[in-house]
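Observations on chain architecture
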Amino acid sequence: MKHISILGSTGSIGTQALDVIRQFPGKLKVVALSGHTNINLLIEQVREFKPEIVHVSEDKNLEDLKNAIKTSGTKLITGKEELINIATYPKSDMVLSAIVGFAGLIPTIEAIKAGKDIALANKETLVVAGDLVMDLAAKHNVNIIPVDSEHSAIFQCMQGEDYDMVRRIILTASGGPFRTTDLKKLQKVSVKDALNHPNWSMGNKITIDSATMMNKGLEVIEAYHLFKIPPFKIEVIVHPESIVHSLVEFKDRSIKAQLGLPDMRVPIQYALTYPDRAKNTFEEFSFTKYAALHFEQPDIKRFPALDIAFEAIRRGGNTPCIINAANEIAVNAFLKEKIRFMQIPKIVEETMESATPCVNPSINDLLETDIESRKIAEELIK
Ligand code: NDP
Ligand code: MG
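On a predicted model such as this, the values are computed, not experimentally measured, just so you know. (Residues numbered from 1 in each chain as written. Chains lettered and ligands numbered in written order. Predicted model: local features only at pLDDT ≥ 70, side-chain atom pairs only at ≥ 80, totals over all residues. Heavy atoms only, no water.)

1. Details of the state of the cysteines
Where we set the bar: In what follows, a disulfide is any cysteine sulfur pair within 2.5 Å.
What the rule picks out here adds up to 0 disulfides. Cysteine 358 provides the cysteine sulfur closest to cysteine 321, a residue in no disulfide bond, and the two sulfurs are 9.6 Å apart.

2. Brief notes about the sheet that holds strand β7 (residues 144–146)
So the rule is basically this: Pairing between strands is defined by DSSP: at least two bridges between them are needed. Runs of H or I in DSSP of at least four residues are treated as helices and runs of E of at least two as strands, each being numbered from the N terminus. A fitted line through C-alpha atoms represents every axis, and for helices the fit uses only the stretch in contact; the resulting angles, taken between N-to-C directions, go from 0 to 180 degrees. The contact definition used throughout considers only heavy atoms, calling two residues in contact when any of these lie within 4.5 Å.
Strand order in the open sheet made by the 7 strands is β4-β3-β2-β1-β5-β6-β7, with parallel pairing throughout. Either end of the sheet is taken by a strand with one partner, and the two such strands are β4 (75–78) and β7. Strand-to-strand twist of the sheet, defined as the mean angle between neighbouring strand axes without regard to direction, takes the value 25°. In this fold helix α12 (residues 265–273) packs onto β1 (2–7), β2 (28–34), β5 (94–97), β6 (117–120) and β7, with an angle of close to 130° to the strand it touches most, β1.

3. Focus on the packing of aromatic side chains
To be explicit about the condition: Any two rings among Phe, Tyr and Trp, with Trp reduced to its six-membered ring, count as a pair given centres within 6.5 Å; such a pair is stacked if its planes are under 30 degrees apart, edge-to-face if over 60, and tilted if neither.
One pass over the structure, following the stated rule, counts 8 aromatic pairs. Look at tyrosine 163 and phenylalanine 227: their rings are 6.3 Å apart centre to centre, the planes differ by 20°, and that puts the pair in the stacked class. Placement of tyrosine 163 in the loop between α7 (149–157) and β8 (166–173) and of phenylalanine 227 in the loop between α11 (214–226) and β9 (234–238) is noted, with a sequence separation of 64 residues between them. Each member of the aromatic cluster is reached from another via a ring pair, and the members are Phe155, Tyr270 and Tyr274.

4. Section: empty space enclosed by the protein
Defined as follows: Buried and open spaces are told apart on a 1 Å grid over the protein atoms alone, a cavity being a set of points where a 1.4 Å probe fits but cannot get out and a pocket being an open set with protein on both sides within 12 Å along at least five of seven lines. Residues with an atom within 4 Å of a point are the lining residues. Grid points are joined across faces, edges and corners, and a volume is the space filled by probe spheres set on the points. The residue classification treats Ala, Val, Leu, Ile, Met, Phe, Trp, Tyr, Cys and Pro as nonpolar and Asp, Glu, Lys and Arg as charged. All others, Gly included, are polar.
Inspection of the entire model under this criterion finds 1 cavity of 30 Å³ or more. Of the pockets and cavities examined, the largest cavity occupies roughly 60 Å³. Every residue lining the largest cavity is listed: Ser149, Ser152, Ala153, Gln156, Trp200, His245, Gln258, Gly260, Leu261, Asp263, Val266 and Pro267. At the level of secondary structure, the elements contributing two or more residues to the lining of the largest cavity comprise α7 and α12. In terms of residue count, the dominant contributor to the lining of the largest cavity is α7 (4 residues). A per-class count over the lining of the largest cavity returns 5 nonpolar, 6 polar and 1 charged.

5. Brief notes about the domain arrangement of the chain
Just so we agree on the cut-off: Boundary definitions for the domains trace back to an automatic or database domain assignment. Here the quantity called buried area is the accessible surface, traced with a 1.4 Å probe, that two parts lose on coming together, added over both. The working definition used for a salt bridge is a side-chain nitrogen of Lys or Arg within 4 Å of a carboxyl oxygen of Asp or Glu. What qualifies as a polar contact is a pair of N or O atoms within 3.5 Å, subject to a donor-acceptor requirement within protein and to the restriction that residues adjacent in sequence count only when both atoms come from side chains.
Segmentation of the chain into domains returns domain 1 (2–146) and domain 2 (151–262 + 286–315). At the interface, 13 residues of domain 1 touch 16 residues of domain 2. Regarding the contact of domain 1 and domain 2, the summed buried area is about 1,200 Å², with carbon and sulfur atoms giving 68% of it. Interface area lost by domain 1 to domain 2 is led by Lys123, Val127 and Pro146, which between them contribute 46%. Counting across the domain 1 and domain 2 interface gives 2 salt bridges. In this structure, glutamate 219 and lysine 123 form a salt bridge, with 2.8 Å as the shortest nitrogen-oxygen distance. Viewed at the interface, domain 2 and domain 1 are joined by 3 residue pairs in polar contact (both at pLDDT 80 or more). Where the side of domain 1 that touches domain 2 is concerned, the elements lending two or more residues are α1 (12–23), α6 (124–139) and β7. When residues of the side of domain 1 that touches domain 2 are assigned to their parent elements, the largest contribution, 6 residues, is made by α6.

6. Description of the coordination of the magnesium ion (ligand 2)
Each pair of donors in an ideal octahedron of six around a metal sits at 90 or 180 degrees, and each pair in an ideal tetrahedron of four sits at 109.5 degrees. Just so we agree on the cut-off: With water excluded from the atoms, a metal site may look incomplete; its donors are any N, O or S atoms within 2.8 Å, or within 3.2 Å for Na, K and Ca. For the exposure calls, accessible area comes from a 1.4 Å probe over protein chains only, and a residue counts as buried if that area is under 20% of its type's maximum, exposed if over 50%, partly exposed in between.
Surrounding the magnesium ion (ligand 2) are the protein donor atoms Asp148 (OD), Glu150 (OE) and Glu219 (OE), which sit 2.1 to 2.2 Å from the metal. Read in sequence order, the donor residues coordinating the magnesium ion (ligand 2) give the pattern D-x1-E-x68-E. Here glutamate 150 is found in helix α7, whereas its partner glutamate 219 is found in helix α11, with 69 residues between them in sequence. You'll find glutamate 150 and glutamate 219 in the same group, each marked buried.

7. Structural notes on the pairing of β4
Bridging between strand β3 (residues 53–56) and β4 involves 4 bridges; their strand directions are parallel. Within β4, the residue paired with valine 56 across the bridge is threonine 78.

8. A closer look at the site of ligand 1
How we decide: Residues are labelled near a given molecule or strand when at least one of their non-hydrogen atoms is within 4 Å of it.
Close to ligand 1 lie 22 residues; Thr10, Ser12, Thr37, Asn38 and Glu124 are nearest. Glycine 8 is positioned with one of its backbone polar atoms (N or O) 3.2 Å from an oxygen atom of ligand 1. A per-class count over the shell around ligand 1 returns 9 nonpolar, 10 polar and 3 charged. In this structure, the shell around ligand 1 is formed jointly by two domains, domain 1 (2–146) and domain 2 (151–262 + 286–315), each of which donates at least three residues.

9. Topic: helix α13 (residues 304–315)
How we decide: Here a helix's expected span is defined as the number of its residues, less one, multiplied by 1.5 Å.
Given a rise of 1.5 Å per residue, 12 residues ought to cover 16 Å, and the 17 Å separating the end C-alpha atoms of α13 matches this to within 8%. For α13, every residue scored as buried is listed here: Ala305, Leu306, Ile308, Ala309, Phe310, Ala312 and Ile313. Phi turns positive, to about 65°, at glycine 316, one or two residues after α13.

And the structure:
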């Protein structure tokens, strides 16, 4: 039995992970959960999964949750700082890191320090602090198993393979809702249009990141750290059907790919059951329904965020942390209709040029970078 803690159980990844866990009562058991604002859903989860401990940041309006835990025997903890108790809960073997954004970083680091294997959905952790996090994982002998579908695909392709024999890795991108939108119209797209992803149903932040392709940029940085592959060996190809989840080409020119329907429960399950595979009841793939698969170069005019991410890796140090913070602020402002869609990458790029660079940042340096970059991005938005 593997005991799991979920950071961000009320989100898109969190709920799909619980759906996976529900299928394997003899293999996977939830011991700790954390939610943030969606208390009603957290109550349902506590009632069904009866975790030993549950966390919410705020101590307000928790009467119903307190009543629910009376019958489940769950311990409730509150307050921002207390979240690390979910990440480090002694009885858990693995932590699913599924909080969105920079907020996922510190609990993930604390989980690694406590020796927990990590199923990593929160890509921002590696974007912001990839060097530190990977070093820490090596030091504490912790496995970081990717949940992000592209990285799970590469990880699966690499089983039994030698990283020295990799010629390049190719990350696929759907191209999002605006892959073919007229460039002039792109200036005026609405929040609703941007949230209408053609293939995946995800949380709002990553859905906007997919529309700007900042998501793919963040994934390039994530892959660079996770697989220790130099950026010139990482390519991005647009694949509108989202069936090929990514590919690895080896030095003998053989290419391995991982395919499947766009269903995040598949990479989530792989991470939770790794190194085993387990039979499930998900929908079967039909080759005749997907008789043709398409691939095209990403359009850099349409998706400048991709170039910004590659530039952030080249500059290194705290630059990926800067663009991550600016992006979080810009996406939030777009969701609140304070800026237009194509202003998101502009704000990210301008923040990258203005924030104070730092060559070999510590965690404290990164926390400062995050605060400074957010301020700069907010000023630009004003
Ligand atoms: P959601 O917005 O759906 O969920 C985020 C989760 O984090 C929720 O449980 C939310 O709680 C919680 N949360 C938000 N802010 C805070 C905070 N400040 N402190 C503590 N908890 C917080 O996001 P997704 O599930 O879509 O994404 C999660 C992560 O996984 C992201 O990093 C994303 O990039 C990555 N990812 C997601 C994929 C997907 O298909 N969704 C695919 C690949 C990667 P509440 O809802 O209760 O407020
Ligand atoms: Mg992805």
